[in-house]
Amino acid sequence: LRWQERLPLTAPLLSCREPLLALRRQLAGLLGDAEAMGRCWLQHAKLCRSTGHQEAAETSVLEAQARQVPGALLERCRLLWLRDKGHRAVMELQQMLDGAAQPEDAALQHQRAKEMLQLTQWMAAVGQGHKDMLCANYEDAIQLDGAWEKAHFSYAVYLDSLYRDAKQREGKPAASKGMDRLSGRSRVRTPDDSPLDYLPQTLEHYGESIRMGHKHILQSLPRLLTLYFEFGSKMAAAKTLNQKLRNAHTQVRSRLRRAVH
């Protein structure tokens, strides 16, 4: 019946989709398909969360968890995050990922990438984890599903934030170089980094985001061009090219060429 293709064609309203999901749950129950019933509960939970019905979403996600549907725990953690229980959401999702086996199925790999990406974004938001660990988590998510546009875009945005912060501190007196916008309390920035340390990877993942899809292209493409032209202007204005600039130029060219082709 191609249920997965039919549902997105309907209006994303609770009044429209809830009866359809209820019908599908009843049919799955009559057929004894617990997994299909759990998927319907999970879709209902997502729909309720997106429309602001958190209590109904919590009930539905518990039904999905009881049937061990992939993605149910992530949805529960998202509900915790909405209720301002960010640290608990991070802890539960981290515990789940630490104890999970490496998925082999493509669909499960994509689900694991979603969980890893969400965990990393939350960790960055609440100030947990060092920059190197967060970058490693982003790369793990991309390794799980390299064709996922959102993973590349999210990683590029994070690297871009590190690039901008390092650029603001560039050229400051040595006494203040080790201080960031949080007066040295930030856990995701290091005192001796340079904007050029982040530029090649930032451009690469903006480029990969554009190559893999179009959902974020209105953010990715202008920012990629801005960073690239700023770097070109810096190269043209430099009286002498030091080794760091030359290395950055080589990396920018190779990474952009790989992303474009």
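In case you missed it, the structure is sitting above this.
Reading the values: rules and limits
Residues numbered from 1 in each chain as written. Predicted model: local features only at pLDDT ≥ 70, side-chain atom pairs only at ≥ 80, totals over all residues. Heavy atoms only, no water. Axes fitted to C-alpha atoms, helices over the stretch in contact; angles between N-to-C directions. Helix = DSSP H or I, 4+ residues; strand = E, 2+ residues; numbered from the N terminus. Parallel < 35°, antiparallel > 145°, perpendicular 65-115°, else oblique. Left-handed = near helix turned anticlockwise from the far one by under 90°. Contact = heavy atoms within 4.5 Å. Nonpolar A, V, L, I, M, F, W, Y, C, P; charged D, E, K, R; others polar. Salt bridge = Lys/Arg side-chain N within 4 Å of Asp/Glu carboxyl O. Buried < 20%, exposed > 50% of the residue type's maximum accessible area, 1.4 Å probe, protein only. Core = buried A, V, L, I, M, F, W, Y, C linked by side-chain atoms within 4.5 Å.

Engineer: When you look at the packing of helix H3 (residues 34-50) against helix H4 (residues 54-66) in this model, what are you seeing that I'm missing?
Structural biologist: What describes two packed helices is the angle between their axes and the distance between those same axes. It is at 8 Å that the axes of H3 and H4 come closest, and there the two elements cross at 160°. When the axes of H3 and H4 are compared, the pair comes out roughly antiparallel. The hand of the H3/H4 crossing is left-handed. Contact residues: H3 offers Gly38, Trp41, Leu42, His44, Ala45, Cys48 and Arg49, while H4 offers Ala56, Ala57, Ser60, Val61, Glu63 and Ala64. Broken down by class, the residue content of the contact of H3 with H4 amounts to eight nonpolar, three polar and two charged.

Engineer: I would appreciate a short explanation of the pattern of salt bridges in the present structure.
Structural biologist: Close approach of charged atoms lets side chains of opposite charge pair. Enumeration according to the criterion identifies 16 salt bridges in this entry. Between Glu92 and Arg88 there is a salt bridge, with its nearest N and O atoms 3.0 Å apart. Placement of the pair is Glu92 and Arg88 together in helix H6 (residues 86-98), with a separation of four residues, close to one helical turn. On the basis of relative accessibility, which here comes to 14%, the residue Glu92 falls in the buried class. Judged by its relative accessible area of 35%, Arg88 falls in the partly exposed class. Linking Arg169 and Asp193 is a salt bridge whose minimum nitrogen-to-oxygen distance equals 2.8 Å. One end of the pair, Arg169, is in helix H9 (residues 149-169); the other, Asp193, is in the loop between helix H10 (174-177) and helix H11 (195-212), with 24 residues separating them in the sequence. The two residues Arg169 and Asp193 agree in class, both being buried. Sharing partners across several salt bridges, the network here consists of Arg76, Arg88 and Glu92.

Engineer: Can you help me understand the nonpolar core in this one?
Structural biologist: Side chains that are nonpolar tend, in soluble globular proteins, to be buried together. Counting residues in hydrophobic clusters, the biggest one holds 42 residues, and the most contacted among them are Leu93, Leu199, Leu203 and Phe231. Where this core is concerned, the elements lending two or more residues are helix H5 (72-82), H6, helix H7 (106-126), helix H8 (131-144), H9, H11, helix H12 (217-237) and helix H13 (243-260). At nine residues, H9 tops the list of elements feeding residues into this core. With near-sequence residues (within four places) excluded, Leu199 lies in contact with Tyr163, Leu227, Phe231 and Val252. By size, the runner-up hydrophobic cluster in this structure holds nine residues, among which are Leu7, Leu21, Ala45 and Leu79.

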